[in-house]
Amino acid sequence: MKYANGLPDYYETLHVSPDALPEEIKKAFRLRAKEIHPDTNRDTPETLAAMRELLGAYETLINPELREEYDLRYRQAFPEGGFDYREFLEEQLSDPDSAGKLIFFDLLHAHEREAIDLYDSLVHEKGFDLSRHLDREDFMDCAFLIAEEYESRENFVGAFNLLKTLIEFEMERPYFKHFFREVLDRMRHLLLNKMNRRVTLESHIDFVLQIARLPLDKRDRSGYMKKLSELYLNAHDIKRARFFLQEARSLNPKIPGLASLEKQLQQSAFNA
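Residues numbered from 1 in each chain as written. Predicted model: local features only at pLDDT ≥ 70, side-chain atom pairs only at ≥ 80, totals over all residues. Heavy atoms only, no water.

**What to know about unusual backbone geometry**
For the record, the criterion: Comment: elements are numbered from the N terminus, with helices defined as DSSP H or I runs of at least four residues and strands as E runs of at least two.
In this structure, His-15 is a non-glycine residue whose phi angle is positive, near 60 degrees. Although it is not a glycine, Glu-154 sits at a positive phi angle of roughly 65 degrees. Structurally, Glu-154 can be placed in the loop between helix H8 (136-152) and helix H9 (156-172).

Here's what the structure looks like:
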């Protein structure tokens with residue numbers, strides 16, 4: 001821990017920047033606690049002292065009144081701004097864990113371009129798996145942010161792969177909970193609308209099938225069944241198009257557009 005005028009640098013202790021949000025402080029505390037005192041380590045005077053320092057930093061910065069008082073003294077003791085967490089991580093990019101933390105940090109601090117560029121380069125050059133270098137909850141939050149960025153940049157395949165991973169993670173053990181609906185809706189909008197004519201028809205069908213096989217509710221499944229019917233109709237596979245139309249109708253007879261799709265199928269079958 002660094003000191004100036006007798007004041008400890010709690011931001012350095014937690015490895016966060018002085019403008020860190022409470023949620024960042026909470027996550028940083030969890031990460032630092034794991035690093036300082038993993039479950040596999042025995043209690044030693046060094047680890048106990050480090051944990052006391054960490055707890056002191058956390059309890060001060062997570063309390064709004066204590067943090068305000070601390071920050072007044074901090075600006076005097078560390079006029080240069082003290083610890084720069086981003087710079088610290090950049091100096092350790094050869095460490096995959098630090099790279100993962102930097103990607104997440106940048107996404108949370110309006111450095112989206114830098115985050116995506118780093119993530120893409122690590123994935124393409126080193127087969128980087130972000131889920132191995134962040135804890136489960138941080139990975140899920142980070143992956144959702146990357147998927148949003150990918151979608152805004154029209155990298156729909158990249159967005160699909162990350163959203164699919166998140167759906168599978170959530171079904172295995174809930175974390176997003178009520179927020180999970182937003183993940184499902186984003187995937188639904190991606191597959192039913194945004195991918196239209198932006199990926200090959202074969203790939204589009206494959207992506208929808210991958211999600212349709214998951215244990216989703218009737219609302220989602222009926223939408224994907226209808227989409228598969230439309231896609232197979234575009235592929236001139238009338239048999240499969242009719243099958244998925246029937247599946248959509250059985251799940252939700254009131255889903256909009258079924259009658260119109262049925263007419264298109266009849267016309268296509270007549271012209272075949």
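Resuming the write-up.
**Thoughts on helix H6 (residues 96-108)**
Each α-helix turn comprises 3.6 residues. Residues three or four places apart therefore point the same way. Stated formally: The span expected for a helix works out to 1.5 Å for each residue beyond the first. Burial status follows relative accessibility: with a 1.4 Å probe on protein chains alone, a residue under 20% of its type maximum counts as buried, one over 50% as exposed, and anything between as partly exposed. Residue contacts are counted whenever heavy atoms from the two residues lie within 4.5 Å of one another.
Taking 1.5 Å of rise per residue, 13 residues should cover 18 Å, and H6 covers 19 Å from first to last C-alpha, within 8% of that figure. H6 sits mainly inside the fold: 10 of its 13 residues count as buried. Within the sequence span of H6, burial applies to Ser-98, Ala-99, Gly-100, Lys-101, Leu-102, Ile-103, Phe-104, Phe-105, Asp-106 and Leu-107. Looking at the packing, one finds that the buried side of H6 touches helix H2 (22-36), helix H5 (85-90), helix H7 (112-126) and H8.

**A look at the pattern of salt bridges**
Should the charged atoms of two oppositely charged side chains come close, the side chains can pair. Where we set the bar: One speaks of a salt bridge when a side-chain nitrogen belonging to Lys or Arg is within 4 Å of a carboxyl oxygen belonging to Asp or Glu.
What the rule picks out here adds up to 23 salt bridges. Across the pair Glu-148 and Arg-186 runs a salt bridge, and its minimum N-O distance is 3.3 Å. Of this pair, Glu-148 sits in helix H8 while Arg-186 sits in helix H10 (residues 180-194), and the two are 38 residues apart along the sequence. The partly exposed category is assigned to Arg-186, whose relative accessible area is 21%. The salt bridge partner of Glu-154 is Arg-198, with a shortest N-O separation of 2.5 Å. With Glu-154 in the loop between H8 and H9 and Arg-198 in the loop between H10 and helix H11 (201-212), this pair connects stretches of sequence that are 44 residues apart. Given the relative accessible area of 47%, Arg-198 is considered partly exposed.

**Considering the packing of H10 against helix H12 (residues 218-234)**
Convention followed: Every axis corresponds to a line fitted to the C-alpha atoms, with the helix fit spanning only the stretch in contact, and the corresponding angles, defined between N-to-C directions, vary from 0 to 180 degrees. Oblique is the label for any angle not under 35 degrees, not over 145, and not in the 65 to 115 range, which are roughly parallel, roughly antiparallel and roughly perpendicular in turn. By the convention adopted, Pro, Cys, Tyr, Trp, Phe, Met, Ile, Leu, Val and Ala count as nonpolar, Lys, Arg, Asp and Glu as charged, and the other residues, Gly among them, as polar.
With their axes 11 Å apart at the nearest point, H10 and H12 run at an angle of 10 degrees to one another. The pairing of H10 with H12 is recorded here as roughly parallel in orientation. Where H10 approaches H12, its residues Arg-181, Leu-184, Asp-185, Met-187, Arg-188, Leu-191 and Leu-192 are matched on the opposing element by Arg-219, Asp-220, Gly-223, Tyr-224 and Lys-227. A class-by-class count of the residues in the contact of H10 with H12 yields five nonpolar, one polar and six charged.

**Topic: the packing of H6 against H7**
Operational definition: A crossing counts as left-handed when the near helix is turned anticlockwise from the far one by less than a right angle, and as right-handed when that turn is clockwise.
Where H6 meets H7, the axes come as close as 7 Å, and the angle between the chain directions of the two elements is 150 degrees. Here H7 runs roughly antiparallel to H6, going by the angle between their axes. By crossing handedness, the relation of H6 to H7 is classed as left-handed. Two secondary-structure elements touch here, H6 through Ala-99, Leu-102, Ile-103, Asp-106 and Leu-107 and H7 through Glu-112, Glu-114, Ala-115, Leu-118, Tyr-119 and Leu-122. In terms of residue class, the contact of H6 with H7 is built from eight nonpolar, no polar and three charged.

**Regarding helix H4 (residues 64-77)**
Definition in use: Nitrogen and oxygen atoms within 3.5 Å of one another constitute a polar contact, given that in protein one can donate a hydrogen and the other can accept it, and given that sequence-neighbouring residues count only through two side-chain atoms.
Helix length check: H4 (14 residues) gives 19 Å between terminal C-alpha atoms against 20 Å at 1.5 Å per residue, within 8%. Every buried residue of H4 is listed here: Arg-67, Tyr-70, Asp-71, Tyr-74 and Ala-77. Structurally, the start of H4 carries an N-cap: the backbone nitrogen of Glu-65 is 3.0 Å from a side-chain oxygen of Asn-63.

**As for the nonpolar core**
Rules: Only buried residues count toward a nonpolar core, which is a set of Ala, Val, Leu, Ile, Met, Phe, Trp, Tyr and Cys residues joined through side-chain atoms within 4.5 Å.
Within the largest apolar cluster, 65 residues are counted, with the highest numbers of intra-cluster contacts made by Ile-103, Ile-146, Met-187, Leu-191, Tyr-224 and Leu-228. If we ignore the near neighbours within four places in the chain, the residues touching Ile-103 are Ala-115, Leu-118, Tyr-119, Leu-122, Phe-128, Cys-142 and Ile-146. Membership of the second largest hydrophobic core comes to 20 residues, among which are Tyr-11, Val-16, Ile-36 and Tyr-70.

**Observations concerning the confidence of the model for the chain**
Detailed reading of the predicted coordinates is not advisable wherever pLDDT is low. Operational definition: For every residue, the predictor states its confidence as a pLDDT score lying anywhere from 0 to 100.
Across the chain, the average pLDDT comes to 91, with 95% of residues at 70 or higher. No element of the chain has a lower mean pLDDT than strand E1 (residues 3-4), which averages 71, and none a higher one than H11, which averages 98.

**Focus: the side chain of His-133**
By the element assignment, His-133 lies in the loop between H7 and H8. Polar contacts involving the side chain of His-133 include one to the side chain of Asp-97, which spans 2.8 Å. With near-sequence residues (within four places) excluded, His-133 lies in contact with Pro-96, Asp-97 and Phe-128.

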